[in-house]
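# Descriptive analysis of the structure
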Amino acid sequence: MEIVNIEAGTFKEMITSIRLLKEKLENLKGRKTSKSLDDWMDNQEVCMTLNISQRTLQAMRSNGTLSFSQIDRKTYYRRQDVIRLIEKGKKR
């Protein structure tokens, strides 16, 4: 077990910073955003929904038919964009 000594003033600043961080986290936790995880689909879900291959989905991304967002190497699509694409296809 290691014991670390710090000044009282530094300790009080740390406690204040931790309390502020806790308040900010609680505020963020309380917010409801419209961008919940249920509103997004990954590659596999979109391919299954549209009954298309991964390569076709890539072509749709490339030519701008379907908008997408990337986080690291994972690609996500808004569910409403996929539904809009299905409805557009039905109108034809």
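Refer to the preceding data block for the structure.
All of the points below concern the structure found in this document. For clarity, every value in this text was computed on a predicted model and none was experimentally measured. (Residues numbered from 1 in each chain as written. Predicted model: local features only at pLDDT ≥ 70, side-chain atom pairs only at ≥ 80, totals over all residues. Heavy atoms only, no water.)

### Observations concerning helix α2 (residues 43-50)
This is how the line gets drawn: Exposure categories follow from relative accessible area, calculated using a 1.4 Å probe and restricted to protein chains: below 20% of the type maximum is buried, above 50% is exposed, and the middle band is partly exposed. Secondary structure follows DSSP: runs of H or I at least 4 residues long count as helices, runs of E at least 2 residues long count as strands, and numbering of each begins at the N terminus. Note that the arc is computed from the directions linking the helix axis to the C-beta atoms.
Here α2 has its buried residues at Asn-43, Val-46, Cys-47 and Leu-50. Down the axis, α2 shows its buried residues gathered within 100° of arc, on one side only. With respect to the buried face of α2, the exposed residues turned more than 90 degrees away are Gln-44 and Met-48. Immediately beyond the C-terminal end of α2, within one or two residues, lies Asn-51, with a positive phi of roughly 55°.

### As for the packing of aromatic side chains
The line we're drawing: Only Phe, Tyr and Trp rings take part, Trp by its six-membered ring, and two of them pair if their centres are within 6.5 Å. Stacked means planes under 30 degrees apart, edge-to-face means over 60, and tilted covers everything else. We call a charge positioned over a ring when the NZ of a Lys or the CZ of an Arg lies within 6 Å of the ring centre and within 35 degrees of the ring normal.
Going through the model one piece at a time under the given rule, you end up with zero aromatic pairs. One Lys or Arg, Arg-61, reaches over the ring of Phe-68 and ends 5.7 Å from the middle of that ring.

### Considerations on the sheet that holds strand β3 (residues 74-78)
For the record, the criterion: Paired strands are those between which DSSP finds at least two bridges. Each axis is a line fitted through C-alpha atoms, and for a helix only the stretch in contact is used; angles between axes span 0 to 180 degrees, taken between their N-to-C directions. The contact criterion used is simple: two residues touch if any of their non-hydrogen atoms lie within 4.5 Å.
Spatially, three strands are ordered β1-β3-β2 in an open sheet, and the strand pairing comes out antiparallel. Looking at the sheet topology across the chains shown, the edges are occupied by β1 (40-42) and β2 (69-71). Between one strand axis and the next, the sheet turns through 40° on average, direction left out of account. Relative to β3, β2 is paired through three bridges, and the arrangement is antiparallel. The residue of β3 that forms the bridge with Gln-70 is Thr-75. On the sheet, α2 packs against β1 and β3 and is oriented at approximately 90° with respect to β1. The strands touched by helix α4 (residues 79-91) are β1 and β3; relative to β3, the strand with the most contacts, the crossing angle is about 60°.

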